[in-house]
Amino acid sequence: MVKNAKKEETLTLIDNRTGRSYEIPIQSGTLRAMDLRQVKIDESDFGMVSYDPAFLNTATCRSAITFIDGDKGILQYRGYPIEELAENSTFVEVAYLLIHGELPSKFQLRVWIQDITQHTMLHENIKKFMDGFHHDAHPMGILVSTVSGLSTFYPDAKNIDDPACRRLQVVRLIGKMPTLAALAYRHSVGKPYVYPDNDLSYSGNFLSMMFKMVERKYNPNPILEKALDVLLILHADHEQNASTNVIRCIGSSHVDPFSAAAGAVATLYGPLHGGANEQVLRMLAEIGSIDNVKGYIDSVKKGERRLMGFGHRVYRNYDPRAKIIKRIAEHVFEVTGRNPLLDIALELEKIALNEDYFVQRKLYPNVDFYTGLIYQAMGFPMELFPVLFAIGRVPGWMAQWEEMLKDSEQKIARPRQIYTGPVVRKYIPLDKRA
Ligand code: ACO
């Protein structure tokens with residue numbers, strides 16, 4: 001029994017196998033899984049372990065970075081509501097906030113922007129490395145490899161106990177990510193690489209590296225530049241999602257941050273994480289016209305398919321990011337012309353939000369419902385959608401990685417298992433096997 005715990009802050013557990021009772025302390029509404037270990041049948045018993053595939057109900061860390069209330073549709077970075085950041089801030093400032101915990105002063109922001117801008121260039125050998133990929137290589141595959149490759153270009157990155165060295169790698173990765181992403185894209189379409197233009201903003205420079213052709217200077221459209229910046233802000237962190245869990249897990253072995261970030265990018269590559277907006281576009285194209293929306297919803301209700309861009313593990317309310325994105329879409333379409341699929345999306349949303357099937361299951365549009373439409377209208381190919389997500393998520397990944405390293409409770413991540421294989425058996429020599 002755990003001593004000195006106040007009655008009202010404990011959970012009484014009765015083991016009906018032995019009749020013993022245990023008082024387990026409750027902290028922040030949470031039980032420590034290790035407190036279950038004392039629950040044993042006898043001294044030879046290993047002790048009770050909690051079983052939670054996919055971490056449905058397990059907190060793996062304490063974190064001061066991002067707060068989400070899924071029922072109320074609230075998302076905050078370091079306490080600041082996402083709506084206020086999207087309205088007033090920039091992606092680079094939000095990156096500072098996530099990494100440092102506070103908004104920067106004017107001077108701090110100037111230095112931060114200068115630092116990031118100074119690290120947008122890549123070592124020329126990375127271009128050679130890129131040249132080795134097939135012409136039709138998926139840019140996410142290229143991104144996974146080149147982010148990981150950065151660890152070989154910057155071997156100092158392994159000094160993870162040195163705060164100044166850690167900060168340098170954070171700045172390097174935020175600075176180089178758009179360059180890697182744009183190069184990966186241009187390689188995949190056979191266009192010449194475009195070097196960073198450090199006169200431009202973070203998002204403006206990315207647009208330049210993506211779309212500049214023969215013009216001497218690329219001048220990004222300010223509305224599209226702002227829209228992209230807001231989209232990056234909306235993706236900057238989302239607490240313990242799959243890719244963030246991976247960067248914490250890989251980082252817990254104390255490897256350099258580039259190797260850990262490559263794992264996070266690889267996680268995002270999966271269609272269940274970074275690829276849903278592409279599925280939304282495919283779905284809208286399949287529906288084809290507003291007249292077919294009702295029939296499509298009927299087939300979703302019959303369980304024949306899912307409505308892509310709807311539903312979320314955490315949000316049981318309108319995803320706050322989707323609300324902001326819907327507004328941005330209007331601004332973008334004023335510049336690019338209306339994406340014809342938008343009308344189908346709006347009709348789909350209108351009908352779905354009034355159908356019992358969706359209301360009862362609390363299924364609302366998520367961040368991916370409208371992003372694909374915007375990216376497509378801006379000229380980004382579908383393969384690049386998860387790449388854009390990855391650029392936005394870097395500050396969150398880096399903040400979570402550093403927080404994990406500084407957390408004295410963290411150790412190398414090593415879950416338990418319930419073994420279901422054969423009990424011990426004797427080795428059979430090859431010539432005696434049936
Ligand atoms: N369309 C139709 N029905 C759905 C949908 C959907 N998009 N999402 C959930 N449901 C239904 C399920 O069939 C289930 O119904 P049931 O209780 O009758 O069996 C119920 O709602 C609960 O669904 P779960 O699968 O348990 O919900 P979970 O939290 O595991 O899944 C997920 C969340 C994966 C996002 C799911 O809603 C989904 O597949 N959505 C479509 C894909 C998508 O948009 N993904 C992007 C997520 S955002 C992001 O990753 C950045």
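Parameters and conventions
- Residues numbered from 1 in each chain as written.
- Predicted model: local features only at pLDDT ≥ 70, side-chain atom pairs only at ≥ 80, totals over all residues.
- Heavy atoms only, no water.
- Helix = DSSP H or I, 4+ residues; strand = E, 2+ residues; numbered from the N terminus.
- Contact = heavy atoms within 4.5 Å.
- Lys, Arg positive; Asp, Glu negative; His and termini not counted.
- Charge placed at Lys NZ, Arg CZ, Asp CG, Glu CD.
- Phe/Tyr/Trp six-rings, centres within 6.5 Å; stacked < 30°, edge-to-face > 60°.
- Buried < 20%, exposed > 50% of the residue type's maximum accessible area, 1.4 Å probe, protein only.
- Polar contact = N/O pair within 3.5 Å; in protein donor to acceptor, adjacent residues only side chain to side chain.
- Near = heavy atom within 4 Å.
- Nonpolar A, V, L, I, M, F, W, Y, C, P; charged D, E, K, R; others polar.
- Pairing = 2+ DSSP bridges.
- Expected span 1.5 Å × (residues − 1).
- Arc of directions from axis to C-beta.

> So what about the overall build of the chain? Which residues, and what values?
Scanning the chain from N- to C-terminus turns up 17 helices and five strands. Overall size of the chain, expressed as C-alpha extent along the three principal axes, is 80 × 65 × 55 Å. Of all intrachain contacts in the chain linking residues separated by at least 6 positions in sequence, the fraction that spans at least 24 positions is 69%. Counting 52 positive and 51 negative side-chain charges, the chain places the averaged centre of each group 5 Å from the other.

> Before we move on, could you go through the packing of aromatic side chains and cite the residues and values that matter?
If you walk through the whole model with that rule in mind, you get 13 aromatic pairs. Taking the centre distance of 4.9 Å and the plane angle of 85° together, the rings of Phe369 and Tyr370 count as edge-to-face. Overall, Phe369 belongs to the buried group, its relative accessible area being 0%. Judged by centre distance (5.4 Å) and plane angle (45°), the rings of Tyr375 and Phe385 are tilted. Of this pair, Tyr375 sits in helix H16 (residues 368-378) while Phe385 sits in helix H17 (residues 385-406); the two residues are ten residues apart in sequence, bridging distant segments of the chain. Pair check on accessibility: Tyr375 and Phe385 agree, each one buried.

> Quick one: what's the story with the side chain of Asp15, residue by residue and with numbers?
Topologically, Asp15 is positioned in strand E1 (residues 10-15). Within polar-contact distance, the side chain of Asp15 engages the side chain of Arg17 at 2.9 Å.

> Can you explain the site of the ligand? Please cite residues and give values.
For the ligand, the set of nearby residues contains 18 residues, the closest of which are Arg306, Leu307, Gly309, Phe310 and Tyr357. In this structure, a nitrogen atom belonging to the ligand sits 2.7 Å away from a main-chain N or O atom of Leu307. Among the residues forming the shell around the ligand, the class breakdown is eight nonpolar, five polar and five charged.

> Kindly report on the pairing of strand E2 (residues 20-25), identifying the contributing residues and their values.
Relative to E2, E1 runs antiparallel, the two being bridged by six bridges. Across the sheet, Thr12 pairs through a bridge with Glu23, a residue of E2. Counted along the chain from E1 to the antiparallel partner E2, the turn is four residues long, and its residue Gly19 has a positive phi close to 80°.

> Any chance you could break down helix H11 (residues 276-287) for me, citing the residues and the numbers?
In this model H11 runs 16 Å from its N-terminal to its C-terminal C-alpha over twelve residues, within 8% of the 16 Å that 1.5 Å per residue would give. Along H11, the residues classified as buried are Ala276, Asn277, Glu278, Val280, Leu281, Met283, Leu284 and Ile287. Considering only its buried residues, H11 is in contact with helix H12 (293-301), helix H14 (341-353), H16 and H17. Just downstream of H11, Gly288 is the residue with a positive phi angle, here 80°.

> Lay out the pairing of strand E3 (residues 66-69) with the relevant residues and their values.
For E3 and strand E4 (residues 74-77), the ladder comprises four bridges, and the chain directions are antiparallel. Along E4, the bridge assignment pairs Asp69 with Ile74. Linking E3 to E4, which pair antiparallel, is a turn of four residues; within it Gly73 sits at a positive phi near 70°.

> Before we move on, could you go through H12 and cite the residues and values that matter?
Looking only at H12, the buried set comprises Val293, Tyr296, Ile297, Ser299 and Val300. Each buried residue of H12 sits inside an arc of 160° when the element is viewed along its axis, so together they form one side. The inward-facing, buried residues of H12 contact H11, H14 and helix H15 (356-360). At the C-terminal side of H12, Gly303 shows a positive phi close to 85°.

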